[in-house]
Amino acid sequence: MFFDTKLEILDNANFTPVLPMMADVQPYRKSFSFEDGYILETTYRAFCPLEVFST
(Lines give C-alpha, C1' and ligand atoms only; values in the text may rest on other atoms or scores of the structure.)
Protein backbone atom coordinates (compact mmCIF):
# COMPACT_ATOMS: atom_id res chain seq x y z
CA MET A 1 0.00 0.00 0.00
CA PHE A 2 1.06 3.55 -0.66
CA PHE A 3 0.22 6.07 2.04
CA ASP A 4 0.40 9.06 -0.30
CA THR A 5 -2.83 10.98 0.42
CA LYS A 6 -3.32 13.27 3.41
CA LEU A 7 -6.66 12.76 5.20
CA GLU A 8 -8.05 14.66 8.17
CA ILE A 9 -10.67 13.59 10.69
CA LEU A 10 -12.78 16.69 11.33
CA ASP A 11 -14.54 17.90 14.46
CA ASN A 12 -18.28 17.58 13.81
CA ALA A 13 -19.16 20.90 15.49
CA ASN A 14 -17.02 23.32 13.50
CA PHE A 15 -15.18 21.12 10.94
CA THR A 16 -11.68 21.78 12.27
CA PRO A 17 -9.06 19.02 11.82
CA VAL A 18 -8.55 16.87 14.92
CA LEU A 19 -6.48 13.99 13.47
CA PRO A 20 -4.36 14.27 10.32
CA MET A 21 -3.02 11.06 8.74
CA MET A 22 -1.53 9.66 5.57
CA ALA A 23 -3.70 7.06 3.80
CA ASP A 24 -3.94 4.90 0.72
CA VAL A 25 -7.11 5.98 -1.11
CA GLN A 26 -8.44 3.60 -3.76
CA PRO A 27 -11.40 3.72 -6.16
CA TYR A 28 -14.24 1.53 -4.89
CA ARG A 29 -17.88 1.28 -5.95
CA LYS A 30 -20.56 -0.12 -3.66
CA SER A 31 -24.15 0.79 -2.79
CA PHE A 32 -25.66 0.37 0.66
CA SER A 33 -29.47 0.36 0.92
CA PHE A 34 -31.23 0.96 4.23
CA GLU A 35 -34.75 0.07 5.37
CA ASP A 36 -35.91 3.71 5.36
CA GLY A 37 -35.13 4.02 1.63
CA TYR A 38 -31.82 5.83 2.08
CA ILE A 39 -29.08 4.71 -0.35
CA LEU A 40 -25.40 5.39 0.28
CA GLU A 41 -23.14 5.32 -2.78
CA THR A 42 -19.45 4.67 -2.00
CA THR A 43 -16.88 5.65 -4.65
CA TYR A 44 -13.59 5.52 -2.71
CA ARG A 45 -12.14 3.68 0.27
CA ALA A 46 -9.19 4.63 2.46
CA PHE A 47 -6.65 2.50 4.28
CA CYS A 48 -4.43 3.89 7.04
CA PRO A 49 -2.09 2.40 9.65
CA LEU A 50 -3.80 1.33 12.90
CA GLU A 51 -1.13 3.17 14.89
CA VAL A 52 -2.78 6.44 13.90
CA PHE A 53 -5.81 5.64 16.07
CA SER A 54 -3.95 4.31 19.10
CA THR A 55 -2.66 7.69 20.31
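From a predicted model like this one, the values you see are computed outputs, not experimental measurements. (Residues numbered from 1 in each chain as written. Predicted model: local features only at pLDDT ≥ 70, side-chain atom pairs only at ≥ 80, totals over all residues. Heavy atoms only, no water.)

(A) Layout of the side chain of Asp-24. The residue Asp-24 is located in strand β2 (residues 17–33) in this model. Within the structure, the side chain of Asp-24 is placed 3.1 Å from the side chain of Gln-26, a separation counted as a polar contact. Dropping the residues within four chain positions of it, Asp-24 is found in contact with Met-1, Phe-2, Phe-3, Arg-45, Ala-46 and Phe-47. (Helix = DSSP H or I, 4+ residues; strand = E, 2+ residues; numbered from the N terminus. Polar contact = N/O pair within 3.5 Å; in protein donor to acceptor, adjacent residues only side chain to side chain. Contact = heavy atoms within 4.5 Å.)

(B) Region of the structure containing the pairing of strand β3 (residues 39–47). Note: β2 against β3, eight bridges, orientation antiparallel. Along β3, the bridge assignment pairs Ser-31 with Glu-41. In textbook terms, the turn of a hairpin is the stretch between consecutive antiparallel strands, and for β2 and β3 this stretch comprises five residues, one of which, Gly-37, has a positive phi near 95°. (Pairing = 2+ DSSP bridges.)

(C) Highlighting the sheet that holds β3. Taken together, three strands build an open sheet; the order of strands is β1-β2-β3 and the sheet is antiparallel. The open sheet has two edge strands, β1 (5–10) and β3, and neither has a second partner. Strand-to-strand twist of the sheet, defined as the mean angle between neighbouring strand axes without regard to direction, takes the value 65°. In this sheet, β2 lies alongside β1 in antiparallel orientation, the contact comprising six bridges. By the bridge assignment, Leu-7 is partnered in β2 with Met-21. (Axes fitted to C-alpha atoms, helices over the stretch in contact; angles between N-to-C directions.)

(D) Structural context of the environment of Leu-40. Secondary-structure assignment places Leu-40 in strand β3. Considering only alpha carbons, one finds Leu-40 and Lys-30, ten residues apart in sequence, at a separation of 8.3 Å. The contacts of Leu-40, once residues within four sequence positions are left out, are Lys-30, Ser-31, Phe-32 and Phe-34.

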